[in-house]
Amino acid sequence: MAFNSILRKSGSFARVLAVAGQLTKNNHPGHRALLFTAINQHQHKDSFVPRFHFSSVASKKKPTSDENLLRVIESEIECAKDTDDHNAVEEVPSNFPFKIIDSPGQQTITLERTYQGEEIKVEVHMPDLVTGEENDDDNDNEGERASQSSIPLAVSVYKKGGPYLEFNCVGYPDEIVIDSLSVKNPDLAEDQIAYEGPDFQDLDENLQKSFHKYLEIRGIKPSTTNFLHEYMINKDSKEYLVWLTKLKSFVQA
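The following paragraphs examine the structure supplied in this document. (Residues numbered from 1 in each chain as written. Predicted model: local features only at pLDDT ≥ 70, side-chain atom pairs only at ≥ 80, totals over all residues. Heavy atoms only, no water.)

**Focus on the overall build of the protein**
Thinking step 1. Each helix and strand counted, the protein has 7 helices and 6 strands in total.
Thinking step 2. For the protein, the succession of helices and strands along the chain, N to C, is α-α-α-α-β-β-β-α-β-β-β-α-α.
Thinking step 3. Burial analysis of the protein (253 residues in total) assigns 26% to the buried set.
Thinking step 4. Restricting the contact set of the protein to residue pairs at least 6 apart, pairs at least 24 apart contribute 56%.
Thinking step 5. Summing over all exposed atoms, the protein offers an accessible surface of approximately 17,900 Å²; the carbon and sulfur share of this is 51%. (Helix = DSSP H or I, 4+ residues; strand = E, 2+ residues; numbered from the N terminus. Buried < 20%, exposed > 50% of the residue type's maximum accessible area, 1.4 Å probe, protein only. Contact = heavy atoms within 4.5 Å. Areas by Shrake-Rupley, 256 points an atom, 1.4 Å probe, with all protein chains shown as cover.)

This is the structure in structure tokens:
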């Protein structure tokens, strides 16, 4: 019954189109108006001619890849929360000689102190961690250091006006290694390259030992760097959690 109705409607529509087409062929006046009227009336009478509607819901939905990424990030956030105590505060030893300047979101911290009229600043970087046992057949000091975690330091010693000393060091559990020493001139133009001396390891051995003592007296010693090592590990875990949270917010936006 419904099928016969559809056939009748479609036949009626076809006849109208045929008449309009004949009029068009004969260039009959008003043929265009008749054709458009026939189509419009037929569309309003029934729904035989299909009409398509598109929804904007699909375009607003997050792609599957983003949803998967969010799940992985959320899982990593939960893992980071369970693994580390982010509310723990590192207790500073009573004999620690520096003031700690720790700005959230920064990769480094700064240490400051005054010693006999000198201003000493230390930039402390994230530690280089060594996990597991290293297979190293070397028995020299460098072979031993390669299997130990360490923490990089940049130590600057200022006096009133004039140049200052800059040491690039690495702190290991039982020693401080000086990688380089240079005399910096703050008044030097940027396009000028100052002579920074020979490699520290090429200096006379007694001179090297004297500079190690120089730093030790000013507070750069294993007891200091061992505390900083733990402090920076704790900072790294906190910064990592904040970083993950920012990632999640960006992907969700």
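**Topic: the side chain of glutamine 208**
Thinking step 1. You can see glutamine 208 is positioned in helix H6 (residues 205–217).
Thinking step 2. A relative accessible area of 14% means that glutamine 208 is categorised as buried.

**Remarks on the pairing of strand E4 (residues 151–158)**
Thinking step 1. Counting buried positions along E4 yields 6 of 8 residues, so the element is predominantly enclosed.
Thinking step 2. As paired strands, E4 and strand E5 (residues 164–171) are joined by 7 bridges and run antiparallel to one another. From the neighbouring strand, valine 157 faces E5, where its bridge partner is leucine 165.
Thinking step 3. Turn length for the E4-E5 hairpin, with the two strands adjacent in sequence and antiparallel, is 5 residues, and the turn residue glycine 161 shows positive phi of about 70°. (Pairing = 2+ DSSP bridges.)

**Looking at the sheet that holds strand E1 (residues 99–101)**
Thinking step 1. Strand order in the open sheet made by the 6 strands is E1-E2-E3-E4-E5-E6, with antiparallel pairing throughout. Strand pairing shows two members of the sheet lacking a second neighbour, E1 and strand E6 (176–184), which therefore form its edges. Between one strand axis and the next, the sheet turns by 20° as a mean value, whatever way the strands run.
Thinking step 2. In this fold H6 packs onto strand E2 (109–115), strand E3 (118–124), E4, E5 and E6, with an angle of close to 90° to the strand it touches most, E6.
Thinking step 3. Packing of helix H7 (residues 222–252) onto the sheet brings it into contact with E1, E2, E3, E4, E5 and E6, and relative to E4 it is tilted by some 120°. (Axes fitted to C-alpha atoms, helices over the stretch in contact; angles between N-to-C directions.)

**Here we look at the pairing of E3**
Thinking step 1. Residues Glu118, Ile120, Val122 and Val124 point to one face of E3 and are all buried, whereas Glu119, Lys121 and Glu123, pointing to the other face, are not buried.
Thinking step 2. In textbook terms, the turn of a hairpin is the stretch between consecutive antiparallel strands, and for E2 and E3 this stretch comprises 2 residues, one of which, glutamine 116, has a positive phi near 45°.
Thinking step 3. As defined by bridge partners, E3 adjoins E4 across 6 bridges and the pair is classed as antiparallel. Opposite valine 124, over in E4, you have leucine 153 as the bridge partner.

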